[in-house]
Amino acid sequence: MTRIHQVLATLGYGDAIGHEVLGIQRVLRAAGYESEIFVETADDRLESMTRDYRELVDVSHPDNLLLHHFSLASKASRTAFALPDRMALIYHNITPPEFFVGLHRSLSSECFHGRRELRAYADRCDLALGDSEFNRQDLEALGFRRTGVLPVVPDFSHLDGVPDRTVADLFNDAWTNVLFVGRMVPNKKIEDLIGFFHTYHALYNRHSRLLLVGAQGGLERYTAALHQLAASLGNAHVHFVGPVSNEELVAFYEIADLFLCASEHEGFCVPLVEAFYKQIPVLAYAATAVPATMDGAGVLYNRKDPVHVAALMDAVVSNSDAQEALVRGQLAALNRLRAKDFAGTLLGLVDEILSGPRSPAPRVTFDFWHQFDAAEALEELRLDRPSVYKALPAR
């Protein structure tokens, strides 16, 4: 029996990749495949569902298929690369490093190296899959010849539970609640959200607040700058809620009047369709994968002019007929998304991989990754510090 295992750096609780990994395992096991999840780390709540990536060596076999979820470079990825198993890559996108320059040096470097290391898998994979057409095109640009799309069909079961209103009830009043859900990271452009909301609050609606729900850890310099921006604008109605449980997330979606997104880099952006599901009008910046995810629903804007965006916010919030029309369109887009046959698509791609030509076994010497890292360090110098690079000896 062919074994189809998944390998990734970390399995998170409640995030889009975690939901997809668990969904893939359910489909594979229901189809009769033996399927395990191998990780470096996992959330405590999911650890019992995973195995240590080092055990991959014990179960490795040339007839196995590894579904490799590539994010940043990791020991799990490099271990999988060196094994004789067949491999298909599932790409969730790596944020371009320039978003972190000046804010988090090591994360900027990790993204730089991650995107370059990804190229090493172009000849290692029998098929490379993006979870959106945008991500598939990114793979193509990175040199992958055989590509496809395994569409994200989010699982909304975590939004069907009983809401925990402990925190959200602090904001459950007659005021307008503008919501954003996502990590507080530079590519999400939280500073733009604050600016747009400040203009809306000043020009249109003094009884409004901005609720920023999502993890803030790891980018303290960026988070501090956001708090300073809100304070400098004199706006006490910007609330950094932080990470929440699924039950608290349900409560925040239920009190929201508008979902506002200003992100400039998304591989898919699951919170947009979560807002669709919770019937909240969505206003989002038309960048990267966002227009495809919205699928003609909600409201997209192309200009980051605060006055323009504030006017759009008011046009939605102040008009109940417009809200109802937007929600109807969003539910229709959601139905189109949910009608996609994720299980059938996944199993069809598995059949295509197993019946198709396989990539040659990886040629990995004992110092392969050491040499690779050395070459990457030189390339980073060439791009970021050309004078230092030119001063290096020829050999």
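Quick summary incoming for the structure in this document. (Residues numbered from 1 in each chain as written. Predicted model: local features only at pLDDT ≥ 70, side-chain atom pairs only at ≥ 80, totals over all residues. Heavy atoms only, no water.)

### Brief notes about the overall build of the chain
Then step 1. Scanning the chain for helices and strands turns up 15 helices and 13 strands.
Then step 2. Relative to its length of 395 residues, the chain is compact, with a C-alpha radius of gyration of 22 Å against a globular reference of 21 Å.
Then step 3. Seen through its C-alpha atoms, the chain measures out along the principal axes to roughly 65 × 60 × 35 Å.
Then step 4. With 395 residues in all, the chain has 50% of them scored as buried.
Then step 5. Only carbon and sulfur atoms are counted for the fraction: they give 51% of the accessible area of the chain, which is about 17900 Å².
Then step 6. For the chain, the separation between the mean place of its 37 positive charges and that of its 51 negative charges on side chains is 6 Å. (Helix = DSSP H or I, 4+ residues; strand = E, 2+ residues; numbered from the N terminus. Rg over C-alpha atoms; globule rule 2.2 N^0.38 Å. Buried < 20%, exposed > 50% of the residue type's maximum accessible area, 1.4 Å probe, protein only. Areas by Shrake-Rupley, 256 points an atom, 1.4 Å probe, with all protein chains shown as cover. Lys, Arg positive; Asp, Glu negative; His and termini not counted. Charge placed at Lys NZ, Arg CZ, Asp CG, Glu CD.)

### Some remarks on the packing of helix α6 (residues 190-203) against helix α11 (residues 306-317)
For any two helices packed against each other, one specifies the crossing angle of their axes together with the interaxial distance.
Then step 1. Contact geometry for α6 and α11: axes closest at 8 Å, N-to-C directions at 65°. The handedness of the crossing between α6 and α11 is right-handed. Where α6 approaches α11, its residues G195, F196, F197, T199 and Y200 are matched on the opposing element by P306, V307, V309, A310, M313, D314 and V317.
Then step 2. Along the lines of polarity and charge, the residues of the contact of α6 with α11 split into 9 nonpolar, 2 polar and 1 charged. (Axes fitted to C-alpha atoms, helices over the stretch in contact; angles between N-to-C directions. Left-handed = near helix turned anticlockwise from the far one by under 90°. Contact = heavy atoms within 4.5 Å. Nonpolar A, V, L, I, M, F, W, Y, C, P; charged D, E, K, R; others polar.)

### Details of the pairing of strand β10 (residues 238-242)
Then step 1. Judged by which residues are buried, β10 turns out to be one-sided: V238, F240 and G242 face inward and are buried, whereas H239 and V241, on the alternate face, are not.
Then step 2. Crossover connection from strand β9 (residues 208-213) via helix α7 (residues 220-232) to parallel β10: handedness right-handed. (Right-handed = clockwise from strand over helix to strand, strands pointing away.)

### Some remarks on the side chain of H69
Then step 1. Within the fold, H69 resides in strand β4 (residues 65-70).
Then step 2. Taking relative accessible area as the criterion, H69 reaches 3% and is therefore assigned buried.
Then step 3. One polar contact links H69 to Q6, side chain to side chain, over a distance of 2.7 Å.
Then step 4. Once residues within four sequence positions are removed from consideration, H69 is found in contact with Q6, V7, L8, V21, I24, I90 and H92. (Polar contact = N/O pair within 3.5 Å; in protein donor to acceptor, adjacent residues only side chain to side chain.)

### A look at the environment of I280
Then step 1. Looking at the secondary structure, you find I280 in the loop between α9 (270-277) and β12 (282-285).
Then step 2. Separated by 51 residues in the primary sequence, I280 and L331 place their C-alpha atoms 10.0 Å from one another.
Then step 3. Beyond its immediate sequence surroundings of up to four residues, I280 is in contact with Y253, A256, D257, L258, F259, A275 and Q330.

### Thoughts on the pattern of salt bridges
Then step 1. Inspection of the entire model under this criterion finds 21 salt bridges.
Then step 2. The salt bridge partner of K278 is E254, with a shortest N-O separation of 4.0 Å. Pair noted here: K278 is in the loop between α9 and β12 and E254 is in helix α8 (residues 246-255), with a separation of 24 residues, a long-range link.
Then step 3. E254 sits in the partly exposed class, given a relative accessible area of 39%.
Then step 4. By sharing partners, the salt bridges in this structure join E133, R136 and E140 into a single network. (Salt bridge = Lys/Arg side-chain N within 4 Å of Asp/Glu carboxyl O.)

### Notes on a nonpolar patch on the surface
Then step 1. On the surface, a cluster of nonpolar side chains totalling about 280 Å² of accessible area is made up of L203, Y204 and V307.
Then step 2. By secondary structure assignment, the location of Y204 is in the loop between α6 and β9.
Then step 3. For Y204, a relative accessible area of 37% puts it in the partly exposed group. (Patch = residues over 30% accessible without salt bridge, like charges linked within 9 Å, V, L, I, M, F, W, Y side chains within 5 Å.)

### A closer look at helix α4 (residues 105-118)
Then step 1. Compared with the 20 Å implied by 1.5 Å per residue over 14 residues, the 20 Å span of α4 between its first and last C-alpha is a close match.
Then step 2. For α4, the full list of buried residues reads L107, S108, C111, F112, H113, G114, R115, E117 and L118. (Expected span 1.5 Å × (residues − 1).)

### Here's the deal with the environment of R54
Then step 1. You can see R54 is positioned in the loop between β3 (51-52) and α2 (56-59).
Then step 2. For the pair formed by R54 and D155, sequence separation is 101 residues and the distance between their alpha carbons is 30 Å.

### Notes on the pairing of β4
Then step 1. Here β4 lies mainly inside the structure; 6 of its 6 residues are buried.
Then step 2. Across the two faces of β4 the burial is the same, with L65, L67 and H69 and L66, H68 and F70 all buried.
Then step 3. In the sheet, strand β1 (residues 4-11) pairs with β4 via 4 bridges, with the strands oriented parallel. The residue of β4 that forms the bridge with H5 is L66.
Then step 4. For the crossover from β4 across helix α3 (residues 75-82) to strand β5 (residues 86-91), the handedness is right-handed. (Pairing = 2+ DSSP bridges.)

### Topic: α11
Then step 1. An ideal rise of 1.5 Å per residue puts 16 Å on 12 residues; α11 measures up with 16 Å between its terminal C-alpha atoms.
Then step 2. All of the buried residues in α11 are V309, A310, M313, V316 and V317. Considered in projection along α11, the buried side chains sweep an arc of 125° and stay on one side of the axis.
Then step 3. Close packing links the buried residues of α11 with β8 (176-181), α6, β11 (258-261), β12, β13 (299-301) and α12 (320-338). (Arc of directions from axis to C-beta.)

### Examining unusual backbone geometry
Then step 1. Within the chain, K189 stands out as a residue other than glycine whose phi angle is a positive 55°.
Then step 2. By secondary structure assignment, the location of K189 is in the loop between β8 and α6.
Then step 3. At T288, a residue that is not glycine, the phi angle is positive and equals roughly 45°.
Then step 4. Within the secondary structure layout, T288 lies in the loop between β12 and α10 (290-294).
Then step 5. Looking at T288, the relative accessible area reads 30%, which means it is partly exposed.

### Digging into the sheet that holds β5
Whenever strands of a sheet pair, they do so through backbone hydrogen bonds, lying parallel or antiparallel.
Then step 1. What the 7 strands build is an open sheet, ordered β3-β2-β1-β4-β5-β6-β7; its pairing is parallel. Of all the strands in the sheet, just β3 and β7 (147-149) have a single pairing partner and so form its edges.
Then step 2. In the packing of α3 onto the sheet, the strands contacted are β1, β2 (37-42), β4 and β5, and the crossing angle to β1 comes to about 155°.
Then step 3. The sheet strands contacting helix α5 (residues 133-141) are β5, β6 (127-130) and β7, and the helix crosses β7 at an angle near 170°.

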